[in-house]
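Fold and contact review
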Amino acid sequence: MTKRLRKLNLIILLFIISNVDAQVFRNKSVPENILKTYRTQRCDDKVGSQVLTSAADITKYLPQGFSQKGDIDYTDYLQQGIDDHSVVLLPNFPIAVNSNGIKLKSNSKVIFQTNTSLKLLPNNKNTYHILLIDGVNNIDIYNANIEGDRDQHLDKQGEWGMGIWIKHSENINLYSPKVTNCWGDGIYIGNQKNITSKNIFINNALVDNNRRNGISIISGENITIKNTIVSNTNGTEPEAGVDIEPNTNNDDVKNIIIENLYTFNNAKRGLLMVFDNLIGNKEKNINVIVNKHKDYGSDIALEFFVDRGFKKIPDNKLSGNIIINNLNYQNNSKAPIATNSGKRSNINLGLKNVVFVDKKNKKYKLTTKKNKELSESLKNGDKLIISAL
């Protein structure tokens with residue numbers, strides 16, 4: 001091999017290594033000023049003395065000589081205590097649970113203390129829940145701290161290991177939940193038996209390093225997400241901070257309100273909306289309001305799919321409104337905003353006060369013309385990528 005050829009091969013090898021390295025996702029720490037806001041808004045002082053006074057301490061249900069290291073499975077003990085009482089105070093140390101998780105009952109309150117965490121033991125299940133809210137109503141959860149097994153998972157299959165799984169339930173309040181390292185989604189809100197989850201309120205959440213999505217809204221009515229941080233979502237598609245994506249024509253996307261959302265360094269998208277599976281014989285009306293969404297470092301800050309085109313679907317009967325105000329998108333490697341090719345719809349997209357910030361920290365406002373182009377692209381099923389102004 002000649003010296004020139006060896007040099008050429010070395011250049012090619014370095015190019016390949018450089019490109020492979022560029023595609024590797026790297027977790028990043030959420031800025032301290034953002035985390036400080038989350039910590040100060042935790043609701044330790046908002047639980048209320050009356051609630052705490054009436055709470056049953058579940059520590060009493062643990063066996064003698066119990067471990068406080070989160071290394072022994074106490075799932076059945078916790079479940080018994082939760083089944084026996086309407087208001088419970090979880091032990092003030094890490095508790096290990098198995099893939100059966102903990103199921104909550106109607107008309108109950110669950111309080112996590114400062115050092116409480118539910119830690120999932122490593123398992124090989126492609127589907128699991130750590131905290132299950134299934135067919136129930138009127139539940140308040142304070143300061144949930146939930147950790148999945150993604151780094152110790154015992155198989156490579158599946159993507160449905162959920163931290164908090166809400167199915168066809170109503171009047172559910174999650175105050176200051178922290179959900180990390182799940183094999184699937186941090187928080188999943190969905191439909192079961194064609195019954196939509198309703199009146200779900202999530203406030204001051206921190207959802208980090210989950211494998212599929214941070215928060216998924218599959219089917220919901222009157223869903224509100226406020227003051228929430230979703231970061232470092234990575235591992236398997238769609239890798240979005242928040243994903244509004246129905247599974248079937250029986251799902252609903254009604255009165256979804258997202259207020260003051262901060263998405264940070266998610267592998268593919270900050271906020272994603274996908275509606276093709278909602279298309280069917282039933283006419284569906286979509287109603288989504290997003291106000292104050294800031295994304296830093298996700299590949300695409302905001303992306304829409306009305307129809308991905310990978311299967312035959314009937315005529316698009318989707319209608320409704322998506323209203324998005326006060327966006328600030330920074331350091332997005334692919335695009336701040338993107339729509340994708342698909343069928344025509346009657347979905348109206350309204351955007352107001354959209355700001356992009358480039359790598360030199362220079363701000364650009366989305367023009368009225370670009371606003372209109374985005375709205376028309378979503379309605380007409382055209383692909384449009386807003387990558388620069």
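About the thresholds
Residues numbered from 1 in each chain as written. Predicted model: local features only at pLDDT ≥ 70, side-chain atom pairs only at ≥ 80, totals over all residues. Heavy atoms only, no water. Salt bridge = Lys/Arg side-chain N within 4 Å of Asp/Glu carboxyl O. Buried < 20%, exposed > 50% of the residue type's maximum accessible area, 1.4 Å probe, protein only. Helix = DSSP H or I, 4+ residues; strand = E, 2+ residues; numbered from the N terminus. Phe/Tyr/Trp six-rings, centres within 6.5 Å; stacked < 30°, edge-to-face > 60°. Polar contact = N/O pair within 3.5 Å; in protein donor to acceptor, adjacent residues only side chain to side chain. Pairing = 2+ DSSP bridges. pLDDT = per-residue confidence, 0-100. Contact = heavy atoms within 4.5 Å. Expected span 1.5 Å × (residues − 1). Core = buried A, V, L, I, M, F, W, Y, C linked by side-chain atoms within 4.5 Å.

Notes on the pattern of salt bridges
The final tally for this structure, using the stated rule, is 11 salt bridges. A salt bridge links R39 to E32, with the nearest nitrogen and oxygen atoms 2.7 Å apart. Residue R39 is classed as partly exposed on the basis of its relative accessible area, which comes to 45%. Between E159 and R212 there is a salt bridge, with the nearest N and O atoms lying 3.7 Å from each other. With E159 in the loop between β9 (145-147) and β10 (160-167) and R212 in the loop between β15 (206-208) and β16 (213-217), the pair connects residues that are 53 residues apart, well separated along the chain. Judged by relative accessible area, R212 falls into the buried class, the value being 11%. Through salt bridges with shared partners, a single network forms among E237, E239, K268, R269 and E303.

What about the packing of aromatic side chains?
For the structure shown, the criterion picks out 8 aromatic pairs. Ring centres of F264 and Y296 lie 5.9 Å apart, and the angle between their planes is 15°; on these two criteria the pair is classed as stacked. Remark: Y296 occurs in strand β21 (residues 284-296) and F264 occurs in strand β19 (residues 253-264); sequence separation between them is 32 residues. A residue is classified by how much of its surface remains accessible, and Y296, at 32% relative accessible area, is partly exposed. Between Y329 and F356 the ring centres are 6.4 Å apart and the planes differ by 15°, which places this aromatic pair in the stacked class.

A closer look at the environment of T75
Here T75 lies in helix α4 (residues 75-84). Counting along the chain gives 232 residues from T75 to D307, while the straight-line C-alpha distance between them is 42 Å. Looking at T75, its side chain comes within polar contact range of the side chain of D73, at 2.6 Å.

What to know about the environment of V274
Examined against the element boundaries, V274 turns out to sit in strand β20 (residues 269-274). Judged by its relative accessible area of 2%, V274 falls in the buried class. C-alpha separation for the pair V274 and D307, spaced 33 residues apart in sequence, amounts to 7.5 Å.

Considering the pairing of strand β11 (residues 170-175)
Relative to β11, strand β8 (residues 137-142) is paired through 5 bridges, and the arrangement is parallel. Following the sheet pairing, D140 is matched in β11 by N173. In the sheet, β11 pairs with strand β14 (residues 197-203) via 5 bridges, with the strands oriented parallel. When the bridges of β14 are listed, Y175 appears paired with N203.

Focus on the confidence of the model for the protein
Mean pLDDT over the protein: 91, with 92% of residues reaching 70 or higher. Taken together, the stretch residues 10-22 has pLDDT below 50 and engages in 1 contact with residues farther than four places along the chain or on a different chain.

A closer look at helix α5 (residues 368-380)
When the terminal C-alpha atoms of α5 are compared, their 18 Å separation across 13 residues agrees well with the 18 Å that a helix rising 1.5 Å per residue should span. On its buried face, α5 sits against β22 (300-305), β23 (318-330), β24 (335-339), β25 (346-357) and β27 (384-386). Residue G381 follows α5 closely and has a positive phi angle near 75°.

So, the sheet that holds β16
On the basis of which strands lie adjacent, the open sheet formed by 10 strands has the order β4-β7-β10-β13-β16-β18-β20-β22-β24-β27 and mixed pairing. Among the strands making up the open sheet, the edge pair consists of β4 (102-103) and β27. Where β16 lies against strand β18 (residues 240-244), 4 bridges are found, and the strand directions are parallel. Residue I217 lies in a different strand from β18, and its bridge partner there is I244.

Points about the nonpolar core
Core analysis: the biggest nonpolar cluster contains 77 residues, and M273, I322 and I337 have the highest contact counts within it. Apart from the residues within four sequence positions on either side, I337 is in contact with L302, F304, Y329, L351, V354, F356, L374, L384, I385 and I386.

Some remarks on unusual backbone geometry
Between E237 and P238 the backbone carries a cis peptide bond, its omega angle lying at 10°. Within the secondary structure, P238 sits in the loop between β17 (220-231) and β18. Phi angles above zero are rare outside glycine, and N326 is one such case at about 60°.

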